[in-house]
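So you can see what is in the structure, the chains are spelled out below.
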Amino acid sequence: MTKQASADDQVYLEWAVDILFLKDSTNTVSGVIAAKDAGPFRKTVSLPKNSISKTVCIEIEDQHMPLLRRLNSLEACYEYLMNRARPFSIPPELHFPLELAMGNIDAAHMLRRWHRQRWFDRPLDTYGKESPIYSLVQRLCLLLEADDIAEVPHVLREAEEAAAKELGLSHLWQPTIFPIEHAS
């Protein structure tokens, strides 16, 4: 889970706030340790290559886990992503299912109107395979257009379960209770 930057022989630790059902690639896992270039909700720390394991454990426990422990519900993740992590930097194909999961139907309709054509015209990921996030977004678009809001949590849970299985976390995974399930 570490990645060495060849130019300066350093290892960069990175965490990213991801929600399981929004897993957007079958090739990467955003999580505790990743790469050099930090995205909008990422923090990187440069370390000498020879001090990785002990320093990584200390860094993760001291710097990353306090925040990650607070993100213990979809509501807490949403609040963090929308209010503290520059929400406009969240790609629309990740933002749309999150708004639906939260029960923010008007925001989901707005995102669907703005981005639907691109989502349906671009079903492949950078590796030329069908992208899981675009498949999810397309299914959710069709449900929203058909005003079949009751089916949205089932589709999200199915995607979440598939992501947990792919990541080898099925034995730890518990289905998320989506706020849309409580919306009237």
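For the structure, see preceding data.
Residues numbered from 1 in each chain as written. Predicted model: local features only at pLDDT ≥ 70, side-chain atom pairs only at ≥ 80, totals over all residues. Heavy atoms only, no water.

Student: Looking at this model, I keep getting lost on the overall build of the chain. Mind explaining?
Tutor: Of regular secondary structure, the chain possesses 6 helices and 3 strands. In sequence order, the secondary structure elements of the chain are arranged as β-β-β-α-α-α-α-α-α. In the chain, buried positions account for 41% of the 184 residues. Counting only contacts in the chain whose residues sit at least 6 apart along the sequence, the fraction spanning at least 24 positions is 59%. For the chain, the exposed area adds up to about 10500 Å²; of that, 53% sits on carbon and sulfur atoms. (Helix = DSSP H or I, 4+ residues; strand = E, 2+ residues; numbered from the N terminus. Buried < 20%, exposed > 50% of the residue type's maximum accessible area, 1.4 Å probe, protein only. Contact = heavy atoms within 4.5 Å. Areas by Shrake-Rupley, 256 points an atom, 1.4 Å probe, with all protein chains shown as cover.)

Student: What is the right way to look at the nonpolar core in this model?
Tutor: Within soluble globular proteins, side chains that are nonpolar tend to cluster in buried spots. Core analysis: the largest hydrophobic core is formed by 35 residues, its most contacted members being I19, F21, L74, F96, L98, L140 and L156. Counting only elements with at least two residues in this core, the list comes to α2 (74-83), α3 (92-102), α4 (105-121), α5 (132-145) and α6 (152-166). The contact partners of I19, leaving out residues within four places of it in the chain, are L74, C77, L81 and L98. (Core = buried A, V, L, I, M, F, W, Y, C linked by side-chain atoms within 4.5 Å.)

Student: Got a minute to help me understand the pattern of salt bridges in this structure?
Tutor: Two side chains with opposite charge may pair up if their charged atoms get near one another. Summed over all chains, the structure comprises 6 salt bridges. Put simply, R112 and E145 hold a salt bridge, and the shortest N to O gap is 3.6 Å. Taken as a pair, R112 in helix α4 and E145 in helix α5 lie far apart in primary sequence, 33 residues in all. Between E181 and R157 there is a salt bridge, with the nearest N and O atoms lying 3.0 Å from each other. Of this pair, E181 sits in the segment after α6 while R157 is found in helix α6, placing the two residues 24 residues apart along the sequence. Note on E181: relative accessible area 36%, which makes it partly exposed. It is possible to trace a salt-bridge network through shared partners that takes in R112, R116 and E145. (Salt bridge = Lys/Arg side-chain N within 4 Å of Asp/Glu carboxyl O.)

Student: For this particular structure, what's the right way to read unusual backbone geometry?
Tutor: With glycine set apart, most residues show a phi of negative sign, and most peptide bonds adopt trans. Positioned with a positive phi, D147 is a non-glycine residue whose angle comes to about 55°. Structurally, the position occupied by D147 is in the loop between α5 and α6.

Student: I keep staring at the packing of aromatic side chains and nothing clicks. Help me out?
Tutor: How two aromatic rings sit relative to each other is given by the distance of their centres and the angle of their planes. For the structure shown, the criterion picks out 1 aromatic pair. Aromatic pair F96 and W119: ring centres 5.0 Å apart, planes at 40°, arrangement tilted. Taken as a pair, F96 in helix α3 and W119 in helix α4 lie far apart in primary sequence, 23 residues in all. Given a relative accessible area of 0%, W119 falls into the buried group. Just above the ring of F120 sits the side chain of R116; from NZ or CZ to the centre is 4.0 Å. (Phe/Tyr/Trp six-rings, centres within 6.5 Å; stacked < 30°, edge-to-face > 60°. Lys NZ or Arg CZ within 6 Å of the ring centre and 35° of its normal.)

Student: Explain α3 here, please?
Tutor: Because each turn of an α-helix spans 3.6 residues, side chains separated by three or four positions end up pointing in the same direction. With respect to burial, α3 is a largely interior element, 11 of its 11 residues being buried. Along α3, the positions that sit buried rather than exposed are P92, E93, L94, H95, F96, P97, L98, E99, L100, A101 and M102. Contacts made by the buried residues of α3 are with α2, α4, α5 and α6. Just beyond α3, the residue with positive phi is G103, at close to 85°.

Student: Would you mind showing me how to read the packing of α5 against α6 here?
Tutor: Remark: α5 packs on α6, axes separated minimally by 10 Å, with the N-to-C direction vectors making an angle of 175°. On the basis of the axis angle, α5 is roughly antiparallel to α6. Residues L136, R139, L140 and L143 of α5 touch α6, and the partners they reach there are V152, V155, L156, E158 and A159. Within the contact of α5 with α6, the residues separate by chemical class into 7 nonpolar, no polar and 2 charged. (Axes fitted to C-alpha atoms, helices over the stretch in contact; angles between N-to-C directions. Parallel < 35°, antiparallel > 145°, perpendicular 65-115°, else oblique. Nonpolar A, V, L, I, M, F, W, Y, C, P; charged D, E, K, R; others polar.)

The values are spatial; any link to function lies outside them.
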